[in-house]
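The lines below spell out each chain.
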Amino acid sequence: MKKTILLLPAMLISLIGCSKGSEPTVMQFDYVFTAQPVLSATNSTIFKNVQSDFVLKSSGKRIMQASIFVKKATSSNKLSNFLNSLKSDIQNGLNNPGLIKTGIEALTSPQQQQAKYGVPGAMAFKVTNSSNGFSLGYEETSLVKEETSTFAKLLNPKIGELTDDHIFNMSVSETESFSDLKILVPTGAPAIAFYNYATNANFETTGSPSDVIIPAFSKGAYDVIVAPTHGGLMQIINNQANYKIAATITFGNMYIVSTGTDADNELNKGDRVLYFQKNDLPGKIFEYVYGDLELNTYAVENANNTKLVIENKGILRV
């Protein structure tokens, strides 16, 4: 496994400056592991498509990034109507990304859009219009049970066995309004699937999945929770949370950008790499795919923190 090495003054990294009093430590990176929409926002060229590398590493398995978990006590008919509607929204948005832009822009200011979705409507359109950059989709878990389970265990071998009892089965008996469902979703790619929910007062988002979304499973205040697949499965299988998994809606939107400082232009031992969310899904994906390369790594809190580093040609001041 990779030896995770913090990029400190005496470690294996070139420092442009040193900490003296209040002066920042400056670090130079060869590569930045980031995600959409940062890639599009910085007009970056893809050095490595992490989704493709994951498929190779896992012998054909996909990144089952974020999934929908539904509360057991909520009406099955209402949830089924909601899921059918969301599936249709996603497909329509992929066929016509302008719908995503229009939906998100129901929040009138770019600042409101950014706060709710993690990206304004215009950028959501750009990323979706560019080969489905958010990797949106809809796969009912009942149809991809083994792939979902295998992916989760690759990231966390402690997760128990995914059985049919953990999976929500669609059951539509009549048309029923679902506007009162309380929904919690992480900002970024998963939130884009909910572009038609911009003004729904029961639709909430958060930029801190590990701090907000995972604890929500035990509180039971939401009918629908979108969570990192492996994290949600840990809650419903190992911790017996009163939810079931229904479907996966994002399948990986992570990439590696080169800053042009690596002499051989190959990702290998000693290269200096910035990545994000060390203890959440992106960090675990990074570790699984590239953990055996003996890279010099440093982690920041979220993908937004990687944007400035890319714009500064790989330089980070801490």
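This text gives an overview of the structure that appears in the document. Note on numbering: residues in each chain are counted from 1, in written sequence order. Totals for whole chains, interfaces and linings use every residue, but because this is a predicted model, local features are given only for residues with pLDDT of at least 70 and side-chain atom pairs only at 80 or more, for both listing and counting. The side-chain values count all of the structure's non-hydrogen atoms but skip hydrogen atoms and water molecules.

1. Observations concerning the overall build of the protein chain
Quick note on the threshold: The helix count covers DSSP runs of H or I at least four residues long, the strand count covers runs of E at least two residues long, and both are numbered beginning at the N terminus. Only C-alpha atoms enter the radius of gyration, while the globule expectation follows 2.2 Å times N to the 0.38, with N the number of residues. Buried, partly exposed and exposed residues are distinguished by accessible area as a fraction of the type maximum, computed with a 1.4 Å probe on protein chains only: under 20%, between the cut-offs, and over 50%, respectively.
Of the regular secondary structure elements, the protein chain holds twelve helices and 14 strands. For 318 residues, the compact-globule estimate of 2.2 N^0.38 gives 20 Å, and the protein chain sits close to it at 20 Å. With respect to the principal axes defined by its C-alpha atoms, the protein chain has extents near 65 × 45 × 35 Å. Counting all 318 residues of the protein chain, 53% fall into the buried class.

2. As for unusual backbone geometry
Excluding glycine, a negative phi dihedral is what most residues carry, and trans is how most peptide bonds are arranged. The amide bond that connects Gln-36 to the next residue, Pro-37, takes the cis arrangement and shows omega of 10 degrees. Relative to the helices and strands, Pro-37 resides in the loop between β3 (31-35) and α1 (38-41). A positive phi angle, near 55 degrees, is found at Ser-135, a position not held by glycine. Examined against the element boundaries, Ser-135 turns out to sit in the loop between α6 (121-129) and β6 (136-140). One non-glycine residue with positive phi stands out, namely Asn-265, at about 55 degrees. Of note, Asn-265 is situated in the loop between β11 (254-258) and β12 (272-276). Relative accessible area serves as the criterion here: at 43%, Asn-265 is assigned to the partly exposed category.

3. A closer look at helix α9 (residues 209-219)
The line we're drawing: As used here, the arc is the angular range of directions from the helix axis to the C-beta atoms. Any two residues having at least one pair of non-hydrogen atoms within 4.5 Å are treated as being in contact.
Among the residues of α9, Pro-209, Ile-213, Ala-216 and Phe-217 are the ones counted as buried. The arc enclosing the buried residues of α9, seen along the axis, measures out at 105 degrees, which places them on a common side. When the buried face of α9 is taken as reference, the exposed residues oriented beyond 90 degrees from it are Asp-211, Ser-218 and Lys-219. Among the structural elements, β5 (66-71), β7 (183-186), β8 (203-206), β9 (224-228), α10 (229-238) and β10 (243-250) are those in contact with the buried residues of α9.

4. Describing the sheet that holds β8
To keep it simple, the criterion reads: Two strands pair if DSSP finds at least two bridges between them. Axis lines are fitted to C-alpha atoms, over the contacting stretch for helices. Their N-to-C directions set the angle, which ranges from 0 to 180 degrees.
Ordered by their spatial adjacency, six strands build an open sheet running β6-β10-β5-β9-β7-β8, and the pairing between neighbours is mixed. Whereas interior strands pair on both sides, the edge strands pair on one side only; in this sheet they are β6 and β8. Geometrically, the sheet is characterised by an average inter-axis angle of 30 degrees between neighbouring strands, direction not taken into account. Pairing of β6 with β10, which is carried by three bridges, proceeds in the antiparallel orientation. By the bridge assignment, Glu-139 is partnered in β10 with Thr-248. Of the strands in this sheet, β5, β7, β8, β9 and β10 touch α9, which is tilted by about 130 degrees from β9.

5. Looking at the packing of aromatic side chains
The line we're drawing: Side-chain rings of Phe, Tyr and Trp, where Trp is taken by its six-membered ring, are said to pair if the distance between their centres is within 6.5 Å; with planes under 30 degrees apart they count as stacked, over 60 as edge-to-face, and otherwise as tilted.
This structure, assessed with the given rule, holds 17 aromatic pairs. Geometrically, the ring pair formed by Phe-69 and Phe-217 is edge-to-face, given 5.4 Å between the ring centres and 80 degrees between the ring planes. One end of the pair, Phe-69, is in strand β5; the other, Phe-217, is in helix α9, and 148 residues separate them in sequence. Phe-217 matches Phe-69 in its accessibility class, with the two residues each being buried. Ring plane angle 15 degrees and centroid distance 4.5 Å describe the contact between Tyr-275 and Phe-286, whose orientation is recorded as stacked. Here the residue Tyr-275 occupies a position in strand β12, and Phe-286 occupies one in helix α11 (residues 281-290), the gap between them amounting to eleven residues. Residue classification places Tyr-275 among the buried positions, given a relative accessible area of 3%. Among the residues examined, Phe-286 registers a relative accessible area of 1% and is labelled buried. Three or more aromatic residues joined by ring pairs make a cluster, and in this case those are Phe-82, Tyr-117, Phe-178, Phe-194, Tyr-197 and Phe-203.

6. Observations regarding the pattern of salt bridges
Pairing is possible between side chains that carry opposite charge, provided their charged atoms lie close to one another. Operational definition: Any carboxyl oxygen of Asp or Glu within 4 Å of a side-chain nitrogen of Lys or Arg constitutes a salt bridge here.
What the rule picks out here adds up to twelve salt bridges. Note that Arg-62 is salt-bridged to Glu-147, the shortest N-O span being 2.9 Å. Linking Arg-62 in the loop between α2 (50-57) and β5 with Glu-147 in helix α7 (residues 145-155), this pair joins segments that are 85 residues apart in sequence. Residue class for Glu-147 comes out buried when judged on its relative accessible area of 17%. A salt bridge links Lys-307 to Glu-311, with the shortest nitrogen-to-oxygen separation between them at 2.6 Å. Residue Lys-307 and its partner Glu-311 are both found in helix α12 (residues 303-311); the two are separated by four residues, about one turn of the helix. You can call Glu-311 partly exposed: its relative accessible area is 40%. Each of the salt bridges in this network shares a partner with another, and the network as a whole consists of Arg-62, Glu-139 and Glu-147.

7. Describing the packing of α7 against α10
Spelled out, the test is: What sets the label is the angle itself: under 35 degrees gives roughly parallel, over 145 gives roughly antiparallel, 65 to 115 gives roughly perpendicular, and the rest give oblique. Residue polarity is assigned by list, with Asp, Glu, Lys and Arg as charged and Ala, Val, Leu, Ile, Met, Phe, Trp, Tyr, Cys and Pro as nonpolar; anything else, Gly included, falls into the polar class.
Where α7 contacts α10, the two axes come as close as 9 Å, and the packing angle between them is 95 degrees. By the angle between their axes, α7 is roughly perpendicular relative to α10. Across from Thr-148, Phe-151, Ala-152 and Leu-155 in α7, the residues of α10 making contact are Thr-229, His-230 and Leu-233. Class assignment for the residues of the contact of α7 with α10 results in four nonpolar, three polar and no charged.

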